[in-house]
Amino acid sequence: MRVQVSPQRVELIDGQPITVTITVTNTAEVIGGYHLRVLGADPSWVILEAENLSLFPDTTQTVRALINIPQGIGAGGRRLAIQVRELTPPRSISITEVDLLVPAHEALTMRLEPMTVVAGKRGSFGVVLANTGNTSVAVRPIGIDDENKMGFQFVPAVISLAPGDHAIADLRATAPRRWFGSPVVRPFGLAVAPVDPDHVIVEDDTAVAEPVRPKPQAVIEPLALGTFLQKPRLGRGALALLGLIVAVTVFAAVITIALSKLVGASVADRNLAIQVAAARDAGTGGGGSSALGGTVTSLTTNKPAGGVAVEIFQVNQVGSPLASTATADDGSWKLPGLSAGKYQLRFRGAGFAEVWFPAALTAADAQPIELKSGQQRTDLAVVLGGLPATITGQVIGTDPAGAILTVQVPADQLPTDAGTLPPGITGTVPGGTVTSVPISSSGLFTINDLASPAVYDLVVSKPGFASDTQRVDLAGGENRSGISLRLRTGDGSITGTITGPDGPLGEAVITATSGQNTIRTVSLTNQQVGQFILRGLVTPATYTVTVTLDGFSTASSSLTLGAGQALQGVQLGLAKASGSLSGQVTTLAAGAPAPGVTVTVTAGEKTISTVTQSAGNVGSWTVAGLPIPSTYTVTFSRADLQSQTVAVSLDAAGNPSSGGALTVGMQSAFAIIHGTVTQQSTSGGGRAVGEASVTLASATDTYLVTTASTPASALGRFEIRGVTPGTYTLSVARKGTRATSVIITVTAGQVLEFNPVLIQPATLSGTVTDRAAGVAAGVKVTLYQASQYPSTVYQTTTTDLNGFYSFADLDAPQAYVVEVSTPATGALVSSTFSLGASEAGLVNLVFGVAPIGQPTPAVPGGP
């Protein structure tokens, strides 16, 4: 055979399969069979158009192999091999290698744990990196912040990852810290850069990286985002105390000197209240004719935010404000008396994150406002988000473990206009869900990072218990504690029995639901089959009781329980949701079970298939899950058996119209031809002969067998199985005799006996005469095939007392050479002749010289 594979070098393109063509040529003189395989690849990657080929001599066939290399294979070179194995002699094997180049694909994921850290000057994060590509990478993590005020230090500074590996690095983020004021929200991003040895130093044998900041003009896409919430050096508590002292001092001075009016301070945030009050009293101090104004609303409540300080600065001069004011209770504010120019606005309020107009966290990102002389801009709208709030408390009850605490926005607190749910809230009216937490056996819970200020409903629920709800009104950034919720145990019950068409049913699932309270149980399977009891039901309430069981339709009932009621004697019935068909398949010829028969059940567009068992209860089959009532067509098929189809119906109870299991006997799809080949002998009788070729041929199929030579009891026997029904020519041939043929017709399942008789084979006989002595007795007679003379002897014999010799069962038609010889003299005489099939040849041989005066003996016959 000859095998050609193309291409033999392929560069993999991500997501695209490889197509390899395999061309096989049969260079032998007989029909060849070939088996194709792809070595070095998972079988699930390979789709071969054909695995087995059958080729006539000097013919060629091309097969395509589609190889789909999955993503994630390591970069570099791989080697596949195409194996073609010859199934017929000489059974050679050809292996052709295909070089596969997998290009490198770098992919890296990064995440922060935690994503937000609240700290002072320095915050610590964990950075988790994962190499999701197919090649090893060595990278240096870098930090990116838009204000260029943060420093980043990673340990280790350089991370090397093999494909599929994970690594964890420590991030130490630093930034300038305020002395006082509101916490500063510093968002930042993380990216990676190629390893640069100039930025790696060694301290105490540990590789760390110098803080590296990307060039301003470089555009780097961050792989992870984080937030550094930086607290001021002096918190709101310290400022509040300082404000209280100042307020007391001012109060005393006013009483003593001027007896002027007492100015109160804000209880929520004393420091900011002093600033707000000062802003209100100070005004703008300018003499211009322009003005700015607008409104401030809360992001979470969508309501006006009163008491928020509004400060105005010259562009890029944000050290101290030119003027300030505070919002009224309706959230409105105004700064009059401004000159023409460009300004920036800052908004600060107790419990709110600081915002620069319109929604920037820093002055660098703020949008300047340009005022012309006499211009009045009073339509500036700003939305403030509150600092994260925290709720802690405890769920009280006999068994709080497994309860779920859900934080919801009350329906009456949700915005009425569509699509304006507060950030972090999912769901629809009523009660948008914010978050849910499981409750442990201690009942203690803590919920962090809640948007504030806001109003929430805390709902605790657990199967078998009554839910409890408590409303909480959170101020901005508030840490609310001492919340207590109670789980109330149910005191009602429902007792009853589940039945089906044939009686009580066990293992049915019974579910009782009332609002958020759900109880489940299972019907019994012991002596009290089908009975159930649902305990711990909260009463009074109305429950929807649902019963489910595989193979049956779902049943539902609505039951109402009074206070503490134990409802008994409930009867719930289930109807079969589906039926089944089963049966046994045998073969008609032997009555034996038939394994591997495909059983196809069809009703309309619904088709279900199975196969009869090959082990255990051989020949049996079952198809379940059939809709009822319905009529089905059942088809039985196997490659060597005739297909058979029957119709059967299933009634509403799942009973088949056949009255039970379907028993089917299948007829073989092929015929069997057998018999004994005999050959006539010269004596007129006949004998069974082995090594005779029996050929059964039609226009499309050909079968070839040889008659048996051993054991003696089977001499001349032949059998041809798996014969496709049709008309054939049966031919029998054996060396030395003429072939015999007959036309036969076979049908499916037929076992036909046919005993061909061959005429006698070719023979050779004659006499050997010595001219000097007459009859030549006891001389050796050797027979050669003419094409192998004198190297290979075909048969030998010795003449009898009358000089006679004979050879039987000769191959014919054939040309032969017969030779007479003695050990002393060697070859004496030879003759060449040809024999036809079944011919009785006669060749007389004469050698030597007759004595002088004596006539040559007469030789009857001759070549």
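Fair warning: this is a prediction, and the values are worked out from it, not measured in the lab. (Residues numbered from 1 in each chain as written. Predicted model: local features only at pLDDT ≥ 70, side-chain atom pairs only at ≥ 80, totals over all residues. Heavy atoms only, no water.)

J.: Quick one: what's the story with the overall build of the chain, residue by residue and with numbers?
T.: Secondary structure summary: the chain contains two helices and 71 strands in total. On the chain, roughly 44,000 Å² of surface is accessible, and the fraction owed to carbon and sulfur atoms is 52%. (Helix = DSSP H or I, 4+ residues; strand = E, 2+ residues; numbered from the N terminus. Areas by Shrake-Rupley, 256 points an atom, 1.4 Å probe, with all protein chains shown as cover.)

J.: How would you sum up the packing of aromatic side chains? Please name residues and give values.
T.: Taken as a whole and judged by the stated rule, the model has 10 aromatic pairs. The interplanar angle of 50° and the centroid separation of 5.6 Å between the aromatic rings of F152 and F188 together place this pair among those described as tilted. Taken together, the residues F152 in strand β14 (residues 151–155) and F188 in strand β17 (residues 184–194) connect sequence positions 36 residues apart. Residues F152 and F188 agree in their burial class; the two are buried. Taking 5.9 Å as the distance between ring centres and 25° as the angle between the ring planes, the aromatic pair formed by Y816 and F833 counts as stacked. Separated by 17 residues along the polypeptide, Y816 in strand β68 (residues 814–822) and F833 in strand β69 (residues 826–835) bring together distant segments of the chain. Taking relative accessible area as the criterion, Y816 reaches 0% and is therefore assigned buried. (Phe/Tyr/Trp six-rings, centres within 6.5 Å; stacked < 30°, edge-to-face > 60°. Buried < 20%, exposed > 50% of the residue type's maximum accessible area, 1.4 Å probe, protein only.)

J.: Can you lay out the sheet that holds strand β62 (residues 757–758) for me, pointing to particular residues and giving the numbers?
T.: Pairing within the open sheet is mixed, and its three strands lie in the order β55-β54-β62. Of all strands in the sheet, those with a lone pairing partner are β55 (686–688) and β62, marking the two edges. Of the strand pairs in this sheet, strand β54 (residues 678–680) and β55 are connected by three bridges, and their pairing is antiparallel. Pairing of Q680 across the sheet is with G686, part of β55. (Pairing = 2+ DSSP bridges.)

J.: Please set out the pattern of salt bridges residue by residue, giving values where relevant.
T.: If you walk through the whole model with that rule in mind, you get 13 salt bridges. Notably, a salt bridge pairs D457 with R471, separated by 2.9 Å at the nearest N-O pair. One end of the pair, D457, is in strand β33 (residues 454–461); the other, R471, is in strand β35 (residues 468–474), and 14 residues separate them in sequence. Residue classification places D457 among the buried positions, given a relative accessible area of 12%. (Salt bridge = Lys/Arg side-chain N within 4 Å of Asp/Glu carboxyl O.)

J.: Please set out the sheet that holds strand β46 (residues 579–587) residue by residue, giving values where relevant.
T.: The mixed open sheet is built from three strands, whose spatial order is β49-β46-β52. Edge strands, defined here as strands with exactly one partner in the open sheet, are β49 (620–626) and β52 (662–666). Between one strand axis and the next, the sheet turns by 25° as a mean value, whatever way the strands run. Judged from the five bridges that link them, β46 and β49 form a sheet pairing that is antiparallel. (Axes fitted to C-alpha atoms, helices over the stretch in contact; angles between N-to-C directions.)

J.: Mind laying out the nonpolar core, listing which residues take part and the relevant values?
T.: Membership of the largest hydrophobic core comes to 29 residues, with the highest contact counts inside it found for I18, I22, L36, I67 and I69. Elements supplying a minimum of two residues to this core: β1 (2–6), β3 (18–25), β4 (32–39), β5 (46–48), β6 (52–55), β7 (60–67), β8 (76–86) and β9 (93–102). For L36, the contacting residues outside a window of four places in its chain are I22, L48, A50, E51, L53, V63, Q83 and V84. One finds F152, L161, A167 and A175 within the second-largest nonpolar core, a separate group that totals 24 residues. (Core = buried A, V, L, I, M, F, W, Y, C linked by side-chain atoms within 4.5 Å. Contact = heavy atoms within 4.5 Å.)

J.: Describe the pairing of strand β21 (residues 290–298), listing the residues and the values that go with them.
T.: Extensive coverage of β21 is indicated by the burial of seven of its nine residues. Note: β21 against strand β24 (residues 332–338), five bridges, orientation antiparallel. Paired with S290 across the two strands is L338, which belongs to β24. The pairing of β21 with strand β28 (residues 376–384) spans seven bridges and is parallel. For V296, the partnering residue across the bridge sits in β28 and is V382.

J.: Lay out the environment of V599 in plain terms, naming residues and giving numbers.
T.: Tracing the sequence through the fold places V599 in strand β47 (residues 598–603). Distance in space between the C-alpha atoms of V599 and T635 is 5.7 Å, their sequence separation being 36 residues. When neighbours within four sequence positions are excluded, V599 is seen to be in contact with I608, S609, T610, T612, W621, V634, T635 and F636.

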